[in-house]
Amino acid sequence: MHLVGRLASGDMDAAGELYDRHAGKVLALARRILRDDGDAEDVVQEVFSQAWRTATRYEAGRGTVAGWLLMIARTRAIDRLRARQSRPDTTGEVLLEAMPGTTMAPSDQAIANEQYARVRQGLVALPAEQRTALELAYFEGLSQSEIAERLAAPLGTIKTRIRTALTTLRRSLRP
Amino acid sequence: MTMDRHETIGAMLDEYALGQLSQDERRTVETHVRECDTCAADLRELVVVMEGLAHSLDPVTPPPALKQRVMSSLASQPQEPARTVVEPNAVAIPPKGVKIRRGVHPGWLAAAAVVILGLGVALYSVDATRRLLIDDVQEAQAAVADLQRRLDLNAEQADLAVSILTATDMQPVAMSGKENATGSTARAYWSPTRGLLIVANDLPMPPPGRIYQVWVIGGGTPFSAGLLGEQGVGRGMLIAPPPRGVAPGAVTVAVTDEPPGGLPAPSGSIRLAGSL
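This one's a predicted model, so the numbers in the text were calculated from it and none came from an experiment.

Engineer: Please explain the overall build of chain A as it appears in this structure.
Structural biologist: Counting secondary structure elements, chain A contains eight helices and zero strands. Reading chain A from its N end, one meets helices and strands in the order α-α-α-α-α-α-α-α. Looking at chain A as a whole, 47% of its 175 residues qualify as buried.

In structure tokens, the structure reads:
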């Protein structure tokens, strides 16, 4: 049985294993978003709690376990960031299940890792202004108009930068 | 799906993947993506990019105490039951002899019953593709749970609506508008053993100081079925057991305007009427 299946059956050892494998990534993302160790550790606890509670509903084939945990982490961390900044809107968790057809993201960790590495290389190679706009959107959960305000740039310019950045990163997925 | 809409939604996919859309906008995107392979493929790539961004950070070593804290918090938390799909027969058919209190406006309960039945059927029919609809299912389950709670409080009235609609002797009565209500539409369902359910739409406001009363006319004598409850502007509904004394056989259902509280026999103008 795979790790999440064991988790769903209430196996605490599986929970420990899941934590050992993924806590470092989850904490890194939470720290990057929140820039506060205490808050980030609270998010790590929330992520593994949510994974534990909802493992019974996890659908194999919807992507990697790490991707699942990181998506929970980003949503939780940005919600917390917004609450801290009195920005009430919550982040929409992307609905993986909304996609028809085959799996959303590669379930195979090796293929996924290769694709993630491509995204990472692509991100580093982006022009600075595109990368900044995208990072504000992804890691700080800012809306496009909030990014425009933050960077004192026209909204249309920000939209173009983010669209161009994402198009480039999507292209980088294809060998 | 028009090309305009496809392009509009396509332009929203980046923001969707980044979690920058409002809930309404998200729903719009999700609805479109389920039907549009091109956008679904685009979104799949975007989600891989998003995961790649999350993975672009180097992992850090968590403080050792954190694992202890996480593990002990898990031990005290129950796991959620696996997802289930609501069966279509969520509303029980009531036993015979259920009575309804007069004067209560139970229309919304009928609406609730219809919604529950509809949700049940909808959920059942999407079973094969439910993976695509998990979010909707969760919402629907919450809605059903909410409605079920309310129904528990007023089960008799909701049950009556269902028992009328499912009675073997139920016959629909075609209703048409009269006088100033010719633009109105209404549907009535009459079961001599269970009662009457009538839903009217686009009704004009009753004259000042008047209300709408519903009559079942059998053998030439009208019997009050009750008052038409308001269900919002121009909309009225009544669910009632069969009035006592209605002669067996063909009936006419009529709606008249009457003074508040209604009268034992009609005095006002007929606004809606239909016969079996």
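Engineer: What should I look at first to understand the overall build of chain B in this one?
Structural biologist: Along its length, chain B carries eight helices and nine strands. Counted over contacts in chain B with a minimum sequence separation of 6, partners at least 24 positions apart contribute 64%.

Engineer: Whenever I open this one, the packing of helix α6 (residues 128-140) of chain A against helix α8 (residues 155-173) of chain A confuses me. Can you help?
Structural biologist: For any two helices packed against each other, one specifies the inter-axial angle together with the distance between the axes. Residues and elements named next belong to chain A. Contact pair α6 / α8: the axes reach a minimum separation of 8 Å and the direction vectors enclose 90°. Here α6 is positioned roughly perpendicular relative to α8, judged by the angle of their axes. In this structure, α6 uses Glu129, Gln130, Arg131, Ala133, Leu134 and Ala137 to contact α8, whose residues at the interface are Ile158, Arg161, Ile162, Thr164 and Ala165. Split by residue class, the contact of α6 with α8 holds six nonpolar, two polar and three charged.

Engineer: Before we go on, may I ask you to explain the pairing of strand β1 (residues 171-177) of chain B in this structure?
Structural biologist: Side-chain direction in a regular strand flips from residue to residue, so the side chains alternate between the two faces of the sheet. Residue and element names in this part refer to chain B. By the bridge criterion, six bridges tie β1 to strand β2 (residues 185-191) in an arrangement that is antiparallel. Considered in β2, the bridge of Ser176 is made with Thr185. Pairing analysis gives two bridges linking β1 to strand β9 (residues 270-275), with the strands arranged antiparallel. Counterpart to Gly177 in the pairing with β9 is Leu272.

Engineer: Help me out: how do you make sense of the nonpolar core in this one?
Structural biologist: One broad rule of soluble globular proteins: the nonpolar side chains tend to lie buried together. Membership of the largest hydrophobic core comes to 73 residues, with the highest contact counts inside it found for Val26, Ala30, Val44, Leu69 and Ala73 of chain A. In terms of residue count, helix α2 (residues 12-34) of chain A provides more of this core than any other element does, twelve residues in total. Ignoring anything within four residues of it in the chain, the contact list for Ala73 of chain A reads Val26, Leu29, Ala30, Val43 and Val47 of chain A. Listed in part, the 36 residues of the second largest apolar core include Ala161, Val162, Val199 and Trp215 of chain B.

Engineer: Whenever I open this one, the environment of Ser172 of chain A confuses me. Can you help?
Structural biologist: Residue and element names in this part refer to chain A. Following the sequence through the fold, Ser172 ends up in helix α8. Ser172 sits in the buried class, given 20 other C-beta atoms within 10 Å. Between the alpha carbons of Ser172 and Val119 there is a distance of 6.5 Å; along the sequence they are 53 residues apart. Filtering out sequence-adjacent residues up to four positions away, Ser172 remains in contact with Arg118, Val119, Gln121 and Gly122.

Engineer: Just checking my understanding: could you explain the interface of chain B and chain A for this structure?
Structural biologist: Many authors give the size of an interface as the accessible area that is lost as the parts come together. Residue-level contacts link 52 residues of chain B with 57 residues of chain A. Tallied by class, residues from the side of chain B that touches chain A come to 27 nonpolar, ten polar and 15 charged.

Engineer: For this particular structure, what's the right way to read unusual backbone geometry?
Structural biologist: Glycine aside, a negative phi is what most residues show, and trans is what most peptide bonds show. Within the chain, Ala152 of chain A stands out as a residue other than glycine whose phi angle is a positive 50°. Positionally, Ala152 of chain A belongs in the loop between α7 (144-151) and α8. Here Asp202 of chain B, not a glycine, exhibits a phi torsion of approximately 55°, which is positive. Examined against the element boundaries, Asp202 of chain B turns out to sit in the loop between β3 (195-201) and β4 (211-218).

Engineer: What exactly am I supposed to notice about the pairing of β4 of chain B here?
Structural biologist: Residue and element names in this part refer to chain B. Most of β4 is tucked away, with six of its eight residues classed as buried. Strand direction decides the pairing type here: β4 and strand β8 (residues 251-258), joined by eight bridges, are antiparallel. Directly across from Gly218, in β8, lies its bridge partner Val251. Across six bridges, β4 lies against strand β5 (residues 221-227) in antiparallel orientation. Paired with Val214 across the two strands is Gly226, which belongs to β5. Taken together, β4 and the strand that follows it, β5, pair antiparallel across an intervening segment of two residues, in which Gly219 is found at a positive phi of about 60°.

Engineer: Explain the sheet that holds strand β6 (residues 229-230) of chain B here, please?
Structural biologist: Sheet strands pair by backbone hydrogen bonding; their relative direction is either parallel or antiparallel. With antiparallel pairing, nine strands are arranged side by side in an open sheet as β5-β4-β8-β9-β1-β2-β3-β7-β6 (chain B). The sheet is open, and its two edges are formed by β5 and β6 of chain B, each paired on a single side.

Engineer: Would you take a moment to explain α6 of chain A for this structure?
Structural biologist: Owing to its 3.6 residues per turn, the α-helix brings residues three or four apart onto one side. With 13 residues, α6 of chain A should reach 18 Å at 1.5 Å per residue; the first-to-last C-alpha distance of 17 Å fits that figure. Taken together, the buried positions of α6 of chain A are occupied by Gln130, Ala133, Leu134, Leu136, Ala137, Tyr138 and Phe139 of chain A. Residues of α6 of chain A that are buried in the fold lie against α2, α7 and α8 of chain A together with α4 (37-55) of chain B. Taken from the residues just after α6 of chain A, Gly141 of chain A is the one with a positive phi, measuring 65°.

Engineer: How do you make sense of the confidence of the model for chain A when you look at a structure like this?
Structural biologist: Low pLDDT marks stretches whose predicted atomic positions should not be read closely. The predicted model of chain A averages 85 in pLDDT, with 85% of residues at 70 or higher. Low confidence marks residues 95-105 of chain A, where pLDDT is under 50. Its contacts with residues over four positions away, or in another chain, come to 37 contacts.

Engineer: Can you walk me through the packing of helix α5 (residues 109-125) of chain A against α4 of chain B in this structure?
Structural biologist: Direction vectors running N to C along α5 of chain A and α4 of chain B enclose 75°, while the axes themselves pass 8 Å from each other. Between α5 of chain A and α4 of chain B, the interaxial angle falls into the category roughly perpendicular. Facing α5 of chain A, whose interface residues are Gln115, Tyr116, Val119, Arg120 and Leu123 of chain A, α4 of chain B presents Val48, Val49, Glu51, Gly52, Leu53 and His55 of chain B. For the contact of α5 of chain A with α4 of chain B, the class distribution of residues is six nonpolar, three polar and two charged.

What counts as what
Residues numbered from 1 in each chain as written. Chains lettered and ligands numbered in written order. Predicted model: local features only at pLDDT ≥ 70, side-chain atom pairs only at ≥ 80, totals over all residues. Helix = DSSP H or I, 4+ residues; strand = E, 2+ residues; numbered from the N terminus. Buried ≥ 20, exposed ≤ 12 C-beta atoms within 10 Å, placed from the backbone. Contact = placed C-beta atoms within 7 Å. Axes fitted to C-alpha atoms, helices over the stretch in contact; angles between N-to-C directions. Parallel < 35°, antiparallel > 145°, perpendicular 65-115°, else oblique. Nonpolar A, V, L, I, M, F, W, Y, C, P; charged D, E, K, R; others polar. Pairing = 2+ DSSP bridges. Core = buried A, V, L, I, M, F, W, Y, C linked by C-beta atoms within 7 Å. Expected span 1.5 Å × (residues − 1). pLDDT = per-residue confidence, 0-100.

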